[in-house]
Amino acid sequence: MSLASAVQAAPGVYEGVANVIAAVMLLIEFGMLRQALARDQIRLYMAQSALLSVLAIVIAADRNLPDLYALAGLSAALKVVAVPLVMRRLLGRIDPDIADEAPGVAGSQTLSPASAVLAGIVLAAFGFFCFGTLKIQGQVGGHGANGAPALALALAAAMVLVSFGLMIVRRDVASQAIGFFTLENAISLAALVVASALPLILETAFLFDLLVAVVVFGMLIRTHHARAESLSTADLTRLRG
Amino acid sequence: MSAALPVPVIQLLQVLTVALGAPGVTGVIAKVEARLQGRRGPRVLQPYYDLAKLFHKEALAPEGASWFFLAAPVIAVAAYLTIPLLIPVLTTYGLPLGYMGDILGGGFLLSLASFVVATAALETGDPYAQLGSSRAKTFSAIAEPVVLFVVFTVALLTGTDLPYALAATVRSSAGQVIRPAHLLASAALFMVILHETGRIPVETHAGTNEFGMIEEARAFEHSGPFFALLKWGSELKQLILYTILADVFLAPWGLASTRQLGAVILAVAALLAKACAVGCVVAVIDDSFAKLRLFKITEYVSAAFLIAVLGVFTLYLGGG
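Cut-offs applied
- Each chain has its residues counted from 1, following the order in which its sequence is written.
- Each chain gets a letter, beginning with A, and each ligand a number, beginning with 1, in the order they are written.
- Predicted model: local features are reported for residues with pLDDT of at least 70 only, side-chain atom pairs are reported and counted for 80 or more only, and whole-chain, interface and lining totals are derived from all residues.
- For helices the rule is a DSSP run of H or I covering at least 4 residues; for strands it is a run of E covering at least 2, with both sets numbered from the N terminus onward.
- Computation of the radius of gyration draws on C-alpha atoms alone. For the globule rule, the value is 2.2 Å times the number of residues to the power 0.38.
- Partly exposed residues are those whose C-beta has more than 12 but fewer than 20 other C-beta atoms within 10 Å; with 20 or more the residue is buried, with 12 or fewer it is exposed, and the C-beta atoms are placed from the backbone.
- Note that contacts rest on C-beta atoms placed from the backbone: two residues are in contact if these are within 7 Å.
- Nonpolar residues are Ala, Val, Leu, Ile, Met, Phe, Trp, Tyr, Cys and Pro. Charged residues are Asp, Glu, Lys and Arg, and all others, Gly as well, are polar.
- Expected span of a helix: the number of residues minus one, times 1.5 Å.
- Between N-to-C directions, angles span 0 to 180 degrees; the directions come from axes that are lines fitted to C-alpha atoms, helices contributing only their stretch in contact.
- Relative orientations are named as follows: roughly parallel for angles under 35 degrees, roughly antiparallel for angles over 145 degrees, roughly perpendicular for angles from 65 to 115 degrees, and oblique for any other angle.
- Put simply, a nonpolar core is buried Ala, Val, Leu, Ile, Met, Phe, Trp, Tyr and Cys residues tied into one set by C-beta atoms within 7 Å.
- Left-handed describes a crossing in which the near helix is turned anticlockwise from the far one by less than a right angle; the clockwise case is right-handed.
- Residue-level confidence of the predictor is what pLDDT reports, using numbers from 0 through 100.

Caption draft 1: Region of the structure containing the overall build of chain B. Per the secondary structure count, chain B includes twelve helices and zero strands. N-terminal to C-terminal, the α/β element order of chain B is α-α-α-α-α-α-α-α-α-α-α-α. Rg of the C-alpha trace for chain B: 19 Å, near the compact-globule value of 20 Å for 320 residues, within the 12% margin. Taken over the C-alpha atoms alone, chain B extends approximately 55 × 50 × 40 Å along its principal axes. Here chain B, with 320 residues, has 53% of them falling under the buried criterion. In chain B, of all internal contacts separated by at least 6 residues, the share reaching a separation of at least 24 is 80%.

Caption draft 2: Focus on the overall build of chain A. When helices and strands are tallied, chain A shows eight helices and zero strands. The buried share among the 241 residues of chain A stands at 45%. Counting contacts in chain A only where the partners sit at least 6 residues apart, residues at least 24 apart contribute 76% of the total.

Caption draft 3: Main features of the interface of chain B and chain A. Across the contact, 27 residues belong to chain B and 30 residues belong to chain A. For the side of chain B that touches chain A, the secondary-structure elements that each account for two or more residues are α7 (174-178), α8 (180-196) and α12 (297-316) of chain B. Per-element tally for the side of chain B that touches chain A: the top contributor is α12 of chain B, with twelve residues. Here the residues of the side of chain B that touches chain A sort into 15 nonpolar, ten polar and two charged.

Caption draft 4: Expanded view of helix α5 (residues 113-134) of chain A. A rise of 1.5 Å per residue sets the reference length of α5 of chain A, with its 22 residues, at 32 Å; its end C-alpha atoms lie 32 Å apart and thus fit the reference within 8%. Buried residues along α5 of chain A sit in contact with α2 (13-34) and α6 (150-169) of chain A together with α12 of chain B.

Caption draft 5: Looking closely at the environment of L183 of chain B. Relative to the elements of secondary structure, L183 of chain B occurs in helix α8. When the C-alpha atoms of L183 of chain B and F249 of chain B are compared, they prove to be 8.6 Å apart, with 66 residues separating the residues in sequence.

Caption draft 6: Focus on the packing of α2 of chain A against α8 of chain B. Put simply, α2 of chain A and α8 of chain B touch, their axes get as near as 9 Å, and they point 45° apart. Regarding the angle of α2 of chain A to α8 of chain B, the classification is oblique. Counting all contacts with α2 of chain A, which are made through N19, V20 and A23 of chain A, the residues of α8 of chain B involved are P180, L183 and L184 of chain B.

Caption draft 7: Here's a closer look at the nonpolar core. Among the nonpolar cores identified, the biggest contains 172 residues, and A156 and L189 of chain A together with V146, A188, A304 and A308 of chain B are the most heavily contacted of them. Among the elements that make up this core, the one with the highest residue count is helix α10 (residues 224-250) of chain B (16 residues). Apart from the residues within four sequence positions on either side, V146 of chain B is in contact with A188, V192, V301, A304, F305 and A308 of chain B.

Caption draft 8: Region of the structure containing the packing of α2 of chain A against helix α3 (residues 38-63) of chain A. Residue and element names in this part refer to chain A. Put simply, α2 and α3 touch, their axes get as near as 10 Å, and they point 165° apart. Taken together, the axis directions place α2 and α3 in an arrangement best described as roughly antiparallel. Taken as a pair, α2 and α3 cross one another with a handedness that is left-handed. Taking contact as the criterion, the partners of Y14, V17, A18, I21, V24, M25, I28, G31 and M32 in α2 are, on α3, Q41, L44, A47, Q48, L51, L52, V54, L55, V58, I59 and D62.

Caption draft 9: Examining unusual backbone geometry more closely. Residue and element names in this part refer to chain A. Positive phi, close to 60°, is recorded for N64, a residue that is not glycine. Its location among the elements puts N64 in the loop between α3 and α4 (67-94). Look at N64 and you get exposed, because 10 C-beta atoms sit within 10 Å.

Caption draft 10: Representation of the environment of A129 of chain B within the structure. All names here are of chain B. With respect to the helices, strands and loops of the structure, A129 is situated in helix α5 (residues 127-158). Residue A129 is classed as buried on the basis of its C-beta count, with 23 C-beta atoms lying within 10 Å. A C-alpha to C-alpha distance of 8.7 Å links A129 and E216, two positions 87 residues apart in sequence. The residues contacting A129, other than those within four sequence positions of it, are A121, T124, A217, R218, F220 and E221.

Caption draft 11: Fine view of helix α7 (residues 173-194) of chain A. Here α7 of chain A contains 22 residues, and its C-alpha end-to-end distance of 32 Å stays within 8% of the 32 Å for a straight helix at 1.5 Å per residue. The buried count for α7 of chain A comes to 18 of 22 residues, which makes it a mostly enclosed element.

Caption draft 12: Main features of the environment of K274 of chain B. Residue and element names in this part refer to chain B. Along the chain, K274 falls in helix α11 (residues 261-288). Residue K274 is classed as buried on the basis of its 20 C-beta neighbours within 10 Å. A C-alpha to C-alpha distance of 8.3 Å links K274 and A251, two positions 23 residues apart in sequence. If we skip the residues at most four places from it in the chain, K274 touches A246 and A251.

Caption draft 13: Molecular detail of the confidence of the model for chain A. Residues and elements named next belong to chain A. When pLDDT is averaged across chain A, the result is 80; 83% of the residues are at 70 or more. Ranking the elements of chain A by mean pLDDT puts helix α1 (residues 3-6) last with 42 and α3 first with 90. Overall, residues 1-8 carries pLDDT values under 50, and its contacts beyond four positions in sequence, including any with other chains, amount to twelve contacts. For residues 138-147, every residue scores under 50 in pLDDT, and the model assigns this stretch 16 contacts once sequence neighbours within four places are set aside.

Caption draft 14: Summary view of the confidence of the model for chain B. Looking at chain B as a whole, the pLDDT averages 88, with 95% of positions reaching at least 70. Predicted complex, confidence summary: ipTM 0.82, pTM 0.88.

Here it is as structure tokens:
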């Protein structure tokens, strides 16, 4: 994009709100890179999922798509309430002696927070500009030329890469699970801004995919803890041969 | 209504408002902070009394310090008093001297003031003052990329780097206020201001705790009127940064758009009210977060940097 096109007038208020929400979701993703404790990451995940539901409501109001309200409610119930609850109970049951924090999560960063954020910026820039050059236009129906969500889509792409980064720089199962769940959030964000008129049944199917992932990760966390007495994956490097 | 003021008078009023309002804003913040901590706190006018007291005291200089030691506070205050000529303090329209420097010009003046104070601290030979100035220089160098990216955002939004132009752009429509680039740049600037005015993440701005004093340590050897000038200077810097945040970025409303006396008086009141509002938010933040250890400062600055960089990114796809 040239500088001249950036200096033009601002997009509409609805689109502005949608873009701001997408940007804040990306910032929360970066926040997870910095958080040391699993309970703080779960809290950030809740905030991010809540923002996703708000975005669904904004898009529903803007493009007049009533079934998105249902999706927003369902997604909030699942991602703001159910998944964090399950994760907390899972981590709480693993080690009842330490009421709040599961072993092996704190201090599992391989990079210092500042370096992790800088690496994340590089990843986000890559995703951002790759998607920017694709020039994907949003749905035409209902919203006309204004429905081009290039920015929110690129932010979603950046979020996908940063959540991969989160899974890579953390050496514990709990953070990796949270990173995977936020990956799903990023994909939902992309789906919302590009194909908001997707049939409700498909969107709901994505949500149930998440449930499957939660179950799988739950089993993984429990099995790993039973074998290694810790959630850290550092021990796994010795299992070769 | 009342008579129109000549433009030079308004320009002079911009400087006077900042010069005379700055200690008052500091007093309000100190009061709010004390109330939040459950103390009664000093009078709001206390900073004025402090300055008056110091101006009546004797000035001493360490043996061996050159003339620069005494000149530095004067140069610093002169630099701080020049900046209100460049930024929209009271008016929406540019005043005659308003275009002699852009945002970078204002930044240079702020750096010049901080540089002469640091050099004066070196003159003293006092290790503590030198430590403070060396730390202050290092940390403001770390925060510099954030400021640069905020300036880039302004340049991409308006096509210029004049503070008046950004304020006018923000006022022009609701879409300009809500666009992510504007909000992200404002947030990053706010984080830099918290850092530069010695609130978060490591400093205690008014303390006597040696580890928390960075800016304060630089003035250790100054006394009397020169110490008063340094104190006044840091109050001026604080109000100038708050003015930039409020009048250029967050809320460029309530400025005078005409030369009427009434409008200008209203603008003075609006500016001081906005600065106090920003100060209250700062006091709440200052009281609710623990100070970090010194080497954690990069974490804080990297967060601000991330926000500023994202602001520039979002502009490149048109939607920001």
